Protein chains: 2
Amino acid sequence: MSANILVVEDEPAIQELLALNITQAGHHPIRALSAEIALDLMRETIPDLILLDWMLPGMNGLELARKLKSDALTKNIPIIMLTARGEEYDKVRGLEVGADDYVTKPFSPRELNARIKAVLRRRAPQMTDDPIEFNGLRLDPTTHRVIGNQKTIDLGPTEFRLLHFFMSNAERVHTRSQLLDKVWGDRVFVEDRTVDVHIRRLRNALSISGHENLIQTVRGAGYRLSAQNS
Amino acid sequence: MSANILVVEDEPAIQELLALNITQAGHHPIRALSAEIALDLMRETIPDLILLDWMLPGMNGLELARKLKSDALTKNIPIIMLTARGEEYDKVRGLEVGADDYVTKPFSPRELNARIKAVLRRRAPQMTDDPIEFNGLRLDPTTHRVIGNQKTIDLGPTEFRLLHFFMSNAERVHTRSQLLDKVWGDRVFVEDRTVDVHIRRLRNALSISGHENLIQTVRGAGYRLSAQNS
DNA sequence: AATTTTTGTCATGAATTTGTCACACTATCA
DNA sequence: TGATAGTGTGACAAATTCATGACAAAAATT
């Protein structure tokens, strides 16, 4: 299970080390020398995890974390903070803004990888009972209602679960087999292509509130719920 | 919907962090540095939720949890355990003594808040003895009467409890097994489908005041009392 | 004890949902 | 331009889910 990991670190040597590590762990590093560059890169690809240096030129790590966590598009991305040695204070502040873990420099590659693995595992798409809103569409698990632009959208059980999953994990591409795992559950003797059909039904239902383009096809990969139109 | 949350944690920094989080989530933290202090505080105020550190000086978290769960006064208070990372064993023991959830340190504020929210919401929907009115229908638990549009509605005991529960938790979808739990009680050998029949009888009775559509079927999920028609 | 009410279960049929297929369509690349 | 693999779509039969009437056991009432 490979993941895209964004490395935000201004010191080239450390960044190189991090990237190497990530590659060896079977993941794919994306490098950014500053918070600004990181934000730029994220317009293209939303990473699965961010390694974020505490001290950065320009916008520092703390600010970036806060910014990311306040944006619906990025707030679900786990963040691991890289902090200088010794500052106990960091821990509190870091967790405060929503970092998921932290590593103090100097770190051992093994420790870093362990943390990455832990965080990625913990990232298990979580479907809570909280109402979710995305792009004018509102889904409430407790009342089992979906409303978009004042229109009630009628969904079958599977479509509801599918949409619930998508809204809980927006902006992320899910393969068909991932969807089968998460939405259909374990008892899957179901064909991959069945997902396509349900996607169509869901899109169809969503069209009555003008949300037909909310779920996008990523050719060769799967599907994604996104506000963007590309 | 604010709640009192008792935080039992001996490390001041973590306690501070927890308290901050709780406040930001719109709740009210009550702090205790030890299990003994916690017990003391609970003589004054019974909290709605307890965040309980696993390791504590003196009486540890596990013992406290066990103690609370064995006391009629406190056994219904949900408990979220805070455990050190990695101990898989904790989970079993913790849930064994009746903890409702657990969070491993270090935790992200978002995760913690999500759990708090979930546990608080999971709190058993309660049926009070206060008269309830909904959509022109009035139910009075003390006189055991139901009136809708000047018409007295005659209900059997089970139908009455069923309606009482629905009116106490309007708009919310309840599965058949939830209804069996809450309306029929704990020790039932009753089939799921039996609920359907009672729903029909209730609907039937409600139809004399024109409220036949008040209880709606949510296919694949359960039933819901709602004023809306869709 | 007799009667009435309440309750749980079942069988049936209606309505909806679901998985799959065949075929149309589209992007991509040689 | 064709070839090819990936995706959209309509149709359809099977499976699931629900509403309903009937019925006998249990409980409450007379």
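As a reminder, the structure under discussion sits directly above these lines.
It should be emphasised that the depicted structure is a prediction, and the values quoted were computed from it without experimental measurement. (Residues numbered from 1 in each chain as written. Chains lettered and ligands numbered in written order. Predicted model: local features only at pLDDT ≥ 70, side-chain atom pairs only at ≥ 80, totals over all residues.)

Notes on the environment of Phe134 of chain B
Within the secondary structure, Phe134 of chain B is located in strand 6 (residues 132-134). For Phe134 of chain B and Ser226 of chain B, which are 92 residues apart along the polypeptide, the C-alpha to C-alpha distance reads 8.9 Å. (Helix = DSSP H or I, 4+ residues; strand = E, 2+ residues; numbered from the N terminus.)

Thoughts on the protein's contact with DNA strand D
The local shell around DNA strand D holds 14 residues, among which Arg200, Thr217 and Arg219 of chain A together with Arg200 and Thr217 of chain B are the closest. The class makeup of the residues in the surface near DNA strand D is four nonpolar, four polar and six charged. (Near = placed C-beta within 6 Å. Nonpolar A, V, L, I, M, F, W, Y, C, P; charged D, E, K, R; others polar.)

Quick look at the interface of chain A and chain B
Between chain A and chain B, the residue contacts involve 16 residues of the former and 20 residues of the latter. Element by element, the count of residues in the side of chain A that touches chain B is highest for helix 4 (residues 88-97) of chain A, at three residues. Residue composition of the side of chain A that touches chain B, grouped by class: four nonpolar, six polar and six charged. (Contact = placed C-beta atoms within 7 Å.)

Brief notes about unusual backbone geometry
Residue and element names in this part refer to chain A. The residue Asn135 is not glycine, and still its phi comes out positive at about 55 degrees. For His144, which is not glycine, the phi torsion reads 60 degrees and is therefore positive. By secondary structure assignment, the location of His144 is in the loop between strand 7 (137-140) and strand 8 (145-148).

Overview of the protein's contact with DNA strand C
As a structural note, the neighbourhood of DNA strand C is formed by 24 residues, with Gly156, Thr158 and Glu191 of chain A together with Gly156 and Thr158 of chain B the closest of them. Elements with a contribution of two residues or more to the surface near DNA strand C: helix 6 (157-168) and helix 8 (193-206) of chain A together with helix 6 (157-168) and helix 8 (192-206) of chain B. Of the residues assigned to the surface near DNA strand C, the class counts are 10 nonpolar, seven polar and seven charged.

Some thoughts on the pairing of strand 2 (residues 28-32) of chain B
All names here are of chain B. In this structure, strand 1 (residues 4-8) lies alongside strand 2, joined through five bridges in parallel fashion. Among the inter-strand pairings, Ile5 is bridged to a residue of strand 2, identified as Pro29. As for the winding sense of the linkage, the β-α-β connection from strand 1 through helix 1 (residues 12-24) to strand 2 is right-handed. (Pairing = 2+ DSSP bridges. Right-handed = clockwise from strand over helix to strand, strands pointing away.)

Considerations on the sheet that holds strand 7 of chain A
Residues and elements named next belong to chain A. Taken in spatial order, the four strands line up as 6-7-8-9 in an open sheet, and their pairing is antiparallel. The strands lining the two open edges of the sheet, one partner per strand, are strand 6 (132-134) and strand 9 (151-153). Strand-to-strand twist of the sheet, defined as the mean angle between neighbouring strand axes without regard to direction, takes the value 20 degrees. (Axes fitted to C-alpha atoms, helices over the stretch in contact; angles between N-to-C directions.)

Function-wise, these values are silent; they only describe arrangement.
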